[in-house]
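Take a look at the letters that make up each chain.
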Amino acid sequence: MTTQASGDALVSLNGVNKHYGQLHVLKDINLQVQKGEVVVVIGPSGSGKSTLCRAINRLETIDDGDIAIDGKKLPEEGKDLAHLRADVGMVFQSFNLFAHKTILENVTLGPIKVKKVAKGTADKEAMALLERVGVGHQAPKLPAQLSGGQQQRVAIARALAMKPKVMLFDEPTSALDPEMINEVLDVMIQLAKEGMTMIVVTHEMGFARKAADRVVFMADGQIVEDATPEEFFTNPKSTRAKDFLSKLLTH
Amino acid sequence: MDAVIASLPEYWDGFLRTLYLSIISGIIALVVGTLLAAMRVSPVAALRGFSMFYVEVARNTPLTIIFFFAAIVLPRLGVKFEQFEVAAIIALSSYTAAFIAEAVRSGVNSVPVGQAEAARSVGMTFTQVLGFIVLPQAVRTVIPPLINILIALVKNSSVAGAFFVLELFGYGRQLSNDYGNQVLWILLGVAFFYLLITVPLGLLAHFVERKVAIAR
């Protein structure tokens, strides 16, 4: 494992804490993600991994510590925060495609409204992205007419259309029927191979083994382990991780 | 009955003035109400506070008192106007805006929060999120209550009749005096002309509701 200096990390979290009332959901989180790295965050539910993911583009505020993207500290609110979010792609568990817009509009809306790209160019780029994730022929439909797996692939295309520096995935396959999980994971694996920086919260251990550079294991709001997938799955150090993995393997 | 027929020109004049008051106040109230709703969900605490304060004051004050304020207090504070219609429009639109703000806010809340989160995640600003994503989806749930509020506005405009504005109700009072033996007919005539505005609005609400049901 390389030791990372926080200075050149693309995503850097230092001493991040968050409380929901009494509950301490994020406890002194330190995490550096380098450019091109794929970091998979796993852990039991309630461990704070989704909160961590959402804190990186400030959909969740934090109590203290700091988060920086490409050396820039996350702004509090307003235009600066919007600018920064444009560089961070986000894929949600529940897809969250804009329900009143067509598939094509879902992908072009960000580039047109936020980056002021001309409509013709945005349409062309969006079609290329939709083809790439295998839903090009669905472009004129509304999100509700697509299957979950297709919707999630559109959501990935929508995030990619902004040409983000880093992509965040918040349990992207957890709301999908089993037969649709692979079509989404395939797109993500392809993206990882192309060198996209990715932070992926997931329960898909197969994806972690195949595509991750690092596995971060969280429990009770803390990062318990941070290792290569090989190391983590074959030789977990903490009892908490051993316990978690043994529960997965018994079924 | 013949008093009504003899007074048709007055009725017509009153009808037009009621329509005029309702349309102008309705448009102003829709714009102001939507702005108030936007302020209410904005990230700026001062705007949220102002919107909440305004809505609570305006919708919990009797309309007659707001009319008094607009027609009598405002001129003393230096806001001068030639006609009492202006006072009526100020009173009606500021009162109705509060109800519209609440209806729009509930519509905004009916849009799943994930829609706004996704829009923020692609880098949209607060106004873009609201304008492109949230409000267009809120419209569907908001239209039936909005039409209810507009129907109430048409009827509320009758208060202006008590403040020297010769709209339907104002004429109704005058004609009742002129035809003391036919008050019932005169008032039925007034009611009829109100229905001429409110019934189509109700039908519009039905129509839109059905359209929305199909769209889902």
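This is a predicted model, so every value here is computed, not measured.

A.B. asks: How should the packing of aromatic side chains be read in this particular structure?
C.D. replies: Aromatic ring pairs are described here by two measures, namely the spacing of the ring centres and the angle between the planes. Enumeration over the complete set of coordinates arrives at 12 aromatic pairs over all chains. When the ring of Phe84(B) is compared with that of Phe164(B), the centres are 5.1 Å apart and the planes differ by 55 degrees; the resulting orientation is tilted. Placement of the pair is Phe84(B) in helix 5 (residues 84-110) and Phe164(B) in the loop between helix 7 (126-156) and helix 8 (168-178), with a sequence separation of 80 residues. In this structure Phe84(B) comes out as partly exposed when scored by relative accessible area, which is 35%. Residue Phe164(B) is classed as exposed on the basis of its relative accessible area, which comes to 63%. Among the aromatic residues, those joined into a ring-pair cluster are Tyr11(B), Trp12(B), Phe15(B), Phe192(B) and Phe193(B). Here the guanidinium or amino end of Arg158(A) rests over the ring plane of Phe98(A), the centre of that ring lying 4.5 Å away. A cation over a ring is seen here: Arg209(A) above Phe233(A), with NZ or CZ 4.5 Å from the ring centre.

A.B. asks: Please explain the nonpolar core as it appears in this structure.
C.D. replies: As a rule of thumb, nonpolar side chains are buried together in soluble globular proteins. In this structure, Val11(A), Leu13(A) and Leu168(A) are the most contacted members of the largest nonpolar core, which totals 61 residues. Sort the elements by how many residues they give to this core and helix 7 of chain B lands first, with eight residues. Not counting chain neighbours up to four residues away, the residues in contact with Val11(A) comprise Leu31(A), Gln32(A), Val33(A), Ile56(A), Ala68(A), Ile69(A), Val166(A) and Ile199(A).

A.B. asks: Could you clarify how one ought to interpret the UniProt feature "domain: ABC transporter" (unreviewed entry) in chain A in this entry?
C.D. replies: Under the present numbering, the feature "domain: ABC transporter" (unreviewed entry) in UniProt falls on residues 11-245 of chain A. Across residues 11-245 of chain A, helical content stands at 39% and strand content at 26%; the span's end C-alpha atoms are separated by 27 Å.

A.B. asks: Teacher, can you tell me more about the sheet that holds strand 9 (residues 214-219) of chain A here?
C.D. replies: Picture the strands of a sheet paired through backbone hydrogen bonds; they go either parallel or antiparallel. All names here are of chain A. Reading across from one edge, 6-7-8-3-9-10 is the order of the six strands in this open sheet, with mixed pairing throughout. If you trace the sheet from one side to the other, it starts and ends with strand 6 (88-91) and strand 10 (222-227), each paired once. With strand direction ignored, the average angle separating the axes of adjacent strands in the sheet is 15 degrees. With four bridges joining them, strand 3 (residues 38-42) and strand 8 (residues 197-201) adopt parallel strand pairing. Across the sheet, the residue bridging to Val40 is Val200, located in strand 8. The sheet contacts of helix 5 (residues 148-160) involve strand 6 and strand 7 (166-170), and relative to strand 6 the element is tilted by about 170 degrees. Here helix 6 (residues 178-193) sits on the sheet in contact with strand 3, strand 7 and strand 8, set at roughly 145 degrees to strand 8.

A.B. asks: Where do I start with the environment of Ser157(B) in this structure?
C.D. replies: Residue and element names in this part refer to chain B. Checked against the element boundaries, Ser157 lands in the loop between helix 7 and helix 8. Separated by 12 residues in sequence, Ser157 and Phe169 place their C-alpha atoms 8.6 Å apart. The contacts of Ser157, once residues within four sequence positions are left out, are Thr18, Leu21, Ser22, Leu92, Glu167 and Tyr194.

A.B. asks: Explanation requested: the pattern of salt bridges in the structure shown.
C.D. replies: Two side chains that carry opposite charge are able to pair once their charged atoms sit near each other. Overall, the coordinates contain 22 salt bridges over all chains when judged by the stated rule. In this structure, the salt-bridge partner of Glu76(A) is Arg58(A), at a minimum N-O distance of 3.7 Å. In this pair, Glu76(A) sits in the loop between strand 5 (72-73) and helix 2 (78-86) while Arg58(A) sits in the loop between helix 1 (49-56) and strand 4 (64-69), placing the two residues 18 residues apart along the sequence. Put simply, Arg132(A) and Glu194(A) hold a salt bridge, and the shortest N to O gap is 2.8 Å. A residue pair is termed long-range when its members are at least 10 positions apart, and Arg132(A) in helix 4 (residues 119-132) and Glu194(A) in the loop between helix 6 and strand 8 qualify at 62 residues. Bridged by salt links that share partners, the residues Arg40(B), Glu56(B), Arg59(B), Glu102(B) and Arg105(B) form one connected network.

A.B. asks: Explain the interface of chain A and chain B to me, please; I cannot follow it from the model alone.
C.D. replies: By convention, interface size is frequently given as the accessible area that disappears when the constituent parts associate. On the chain B side, the residues contacting the 24 residues of chain A number 17 residues. Counting the surface lost from both chain A and chain B, the interface buries some 1700 Å², and carbon and sulfur atoms represent 62% of this. The tally of links from chain A across to chain B stands at one salt bridge. Between Glu117(B) and Arg54(A) there is a salt bridge; the shortest N-O distance is 2.6 Å. At the junction of chain A and chain B, the tally comes to eight residue pairs in polar contact (both at pLDDT 80 or more). Secondary-structure elements contributing two or more residues to the side of chain A that touches chain B are helix 2, strand 6 and helix 3 (103-113) of chain A.

Parameters at a glance
- Residues numbered from 1 in each chain as written.
- Chains lettered and ligands numbered in written order.
- Predicted model: local features only at pLDDT ≥ 70, side-chain atom pairs only at ≥ 80, totals over all residues.
- Heavy atoms only, no water.
- Phe/Tyr/Trp six-rings, centres within 6.5 Å; stacked < 30°, edge-to-face > 60°.
- Helix = DSSP H or I, 4+ residues; strand = E, 2+ residues; numbered from the N terminus.
- Buried < 20%, exposed > 50% of the residue type's maximum accessible area, 1.4 Å probe, protein only.
- Lys NZ or Arg CZ within 6 Å of the ring centre and 35° of its normal.
- Core = buried A, V, L, I, M, F, W, Y, C linked by side-chain atoms within 4.5 Å.
- Contact = heavy atoms within 4.5 Å.
- UniProt positions renumbered as here; feature names shortened; annotations may be inferred.
- Pairing = 2+ DSSP bridges.
- Axes fitted to C-alpha atoms, helices over the stretch in contact; angles between N-to-C directions.
- Salt bridge = Lys/Arg side-chain N within 4 Å of Asp/Glu carboxyl O.
- Buried area = accessible area lost by both parts, 1.4 Å probe.
- Polar contact = N/O pair within 3.5 Å; in protein donor to acceptor, adjacent residues only side chain to side chain.

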